[in-house]
Number of protein chains: 2
Amino acid sequence: MRGLYIDHGKLTLRDDLPEPAARDGWSRVEVHRAGICATDQALLAGYMGFAGVPGHEFVGVALDGPHVGRRVVGEINAGCGSCEACRAGDSRHCEARTVLGIAGLAGAFAERLALPNDNLLPVPDGVTDEAATFTEPLAAALHIGDDVDLATHRRALVAGDGKLGLLCAGALALRGADVTLVGRHPERADLLGLPVNFATGWLEDDADDDGPGPEFDLAVEATGNADVLPRLLRFVRPRGTIVLKTTTERPTTVDLSPLVVNEQRLIGSRCGRFAAALDVLQSQRFDVRPLVTARYPVAEAEAAFEHAARRGSLKVLLDFAD
Amino acid sequence: MRGLYIDHGKLTLRDDLPEPAARDGWSRVEVHRAGICATDQALLAGYMGFAGVPGHEFVGVALDGPHVGRRVVGEINAGCGSCEACRAGDSRHCEARTVLGIAGLAGAFAERLALPNDNLLPVPDGVTDEAATFTEPLAAALHIGDDVDLATHRRALVAGDGKLGLLCAGALALRGADVTLVGRHPERADLLGLPVNFATGWLEDDADDDGPGPEFDLAVEATGNADVLPRLLRFVRPRGTIVLKTTTERPTTVDLSPLVVNEQRLIGSRCGRFAAALDVLQSQRFDVRPLVTARYPVAEAEAAFEHAARRGSLKVLLDFAD
């Protein structure tokens, strides 16, 4: 079958990819549309020494299994099914997990993929394919609310106005937080259609004396650059929370004394549950489609990746079904 | 009055210290006994450019105010009384606070000190002076349980078998945790009189491949060396918690990606409430007195500080009332 393959930092479009095998308890899905994520770009740049089919944001149609014939999206962590985490219904922290398009499991940038039946969720009719490709990153953004009590963390700062930062800002605004998005593109806050303040300059290297006092209850790191962490510690009140949403490839040097003195919490946050994201998409209360910068047929995947890497780009989608 | 004074990294015993002034809503206390803490040693070494009377672990007798004539201990953060934190009855995070013997408020290594009335707690009869000097650090140790649900964090690792590490291990064991203390002095775990496992080597620089897997729910950093943090991230399960109990003077370099991938929480933790610590001391369920290495009259304070700094020392007390 046709799909994209990354090996040794090179992306190729191949027609000889193996079909996903039939497997008990798993379904195969025909991919219709998929989104390029910063993680895909990092994998292409060599992150985790990745070799394989990337892609983990998709919508498609189930070819077999309990949802056969229906439009589906799929949670990306495939667990062993028998460990404590899996038995509790949450494969996100199964130690033996594979992760769609990221670790040990061929991804969504191909005509077909396979995932455990339990990972798949039908897409409500009111949610377009384009919106549905945002289910995964929107779930990750909404997941902040699973670990932070937004009732006591109303004043939220989101650092970074890239794809993930925008989704985090939108997700928090949707949940009633008073959100300030800090980035370099003031016009992007308007894309959200939700009340979000915008600030610039607070995270820049030469802005040592800039920025607010410790007036935020919550700060979300979504720049992909953990070097902003010392600044975020300064912007958050005592006993407030900093959420790290992005991994970085190199160690960060940070003075953690303020975290101790001010008794702040630093929380790592990764994947969310899809049901909450589908609810939001169906409600139309947060229209994610303005975040789409471009769509490309899979045959032009190389151009799509180039476009995604261009300054100013947000979400670039790949079409498989057209 | 007589007391100790630190200035430019030099400790002197002085007889000309100013008496604490009478102040509305404050009490004066005659200090009987005081404990030397690692923070005092850091202040002497130049931490925070400290100049003044150090000391914040004490027991004494109230000379005026609501507890006049009674033995008291005192919480060390003196708030402004009018900010949001103070109005909520918690001056620990008042932005304008002074801190006994640490920041802007003459400390306990003197014949007399002053604190707000609300900071003072009477010492129950069953608690000796010696035990009562541990109220402050024991409260800090017990405070871990205020921010971490020990029901879901039963398997606890405490890094560091110094004074604070031992108190943290004891406090957690007392609260029902299954505690492993990691340090260099196996004999110290026995001092606690509580069931605590001991391990060594897991935190050493040359122990890259040593140590357990991610089998702990909770790790407490009490070594004073934040460089152990990357190791602690490895020892804690996904969605587990790492508590930082000590501040360090220099930045730490740490790869925070595991924190994100495993969705761990890093929590800064400082001062606890004294009532809980006095309850523990009165219950006799945790006898802290074996942690006393030596007692010195205040006239021999220099020798006391030297003893406290010696390898193998635990708590050194200063006697004022003898």
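Our subject is the structure that appears above.
In this text the structure is predicted, and so the values were computed from the model without any measurement.

Caption draft 1: Layout of the relation of the copies chain B and chain A. The transformation that overlays chain B on chain A combines an axial shift of 0.0 Å with a rotation of 180°, and the residual RMSD is 0.0 Å. This pairing of chains is accounted for by a two-fold axis. Within chain B, T253(B) has its C-alpha nearest the rotation axis, a separation of 2.0 Å.

Caption draft 2: Representation of the packing of aromatic side chains within the structure. The tally for this structure, following the rule as stated, stands at six aromatic pairs over all chains. Geometrically, the ring pair formed by F109(A) and F305(A) is edge-to-face, given 6.0 Å between the ring centres and 90° between the ring planes. Taken together, the positions of F109(A) in the loop between β8 (104-105) and β9 (112-116) and F305(A) in helix α11 (residues 301-309) put the pair 196 residues apart, joining distant regions of the chain. The pair F109(A) / F305(A) is uniform in exposure class, with both members buried. Ring centres of W202(B) and F216(B) lie 6.2 Å apart, and the angle between their planes is 55°; on these two criteria the pair is classed as tilted. Placement of the pair is W202(B) in the loop between β13 (196-199) and β14 (216-221) and F216(B) in strand β14, with a sequence separation of 14 residues.

Caption draft 3: Looking closely at the side chain of T133(A). Looking at where T133(A) falls in the secondary structure, it is placed in the loop between α3 (129-132) and α4 (135-142). Beyond its immediate chain neighbours, meaning those up to four positions away, T133(A) contacts R33(A), A34(A), G35(A), E57(A), F58(A), V59(A) and L317(A).

Caption draft 4: Molecular detail of unusual backbone geometry. Residues and elements named next belong to chain A. Non-glycine residue R239 carries a positive phi angle of around 65°. In this structure, R239 sits in strand β15 (residues 236-244). Taking relative accessible area as the criterion, R239 reaches 33% and is therefore assigned partly exposed.

Caption draft 5: Just the pairing of strand β19 (residues 315-319) of chain A, in detail. Residue and element names in this part refer to chain A. The buried fraction of β19 amounts to five of the five residues, a majority that puts the element mostly inside the structure. In β19, alternate side chains face the same way, and those of K315, L317 and D319 on one face and V316 and L318 on the other are all buried. Taken together, the four bridges between strand β3 (residues 26-36) and β19 define a ladder with antiparallel strand orientation. Bridging from a neighbouring strand, R33 pairs with D319 of β19. Both strand β18 (residues 292-297) and β19 contribute to a ladder of five bridges, which runs parallel. Along β19, the bridge assignment pairs A294 with V316. A crossover connection joins β18 to the parallel β19 through α11; in handedness this β-α-β unit is right-handed.

Procedures and definitions
- Residues numbered from 1 in each chain as written.
- Chains lettered and ligands numbered in written order.
- Predicted model: local features only at pLDDT ≥ 70, side-chain atom pairs only at ≥ 80, totals over all residues.
- Heavy atoms only, no water.
- Least-squares fit on C-alpha atoms with pLDDT ≥ 70 in both.
- Phe/Tyr/Trp six-rings, centres within 6.5 Å; stacked < 30°, edge-to-face > 60°.
- Helix = DSSP H or I, 4+ residues; strand = E, 2+ residues; numbered from the N terminus.
- Buried < 20%, exposed > 50% of the residue type's maximum accessible area, 1.4 Å probe, protein only.
- Contact = heavy atoms within 4.5 Å.
- Pairing = 2+ DSSP bridges.
- Right-handed = clockwise from strand over helix to strand, strands pointing away.

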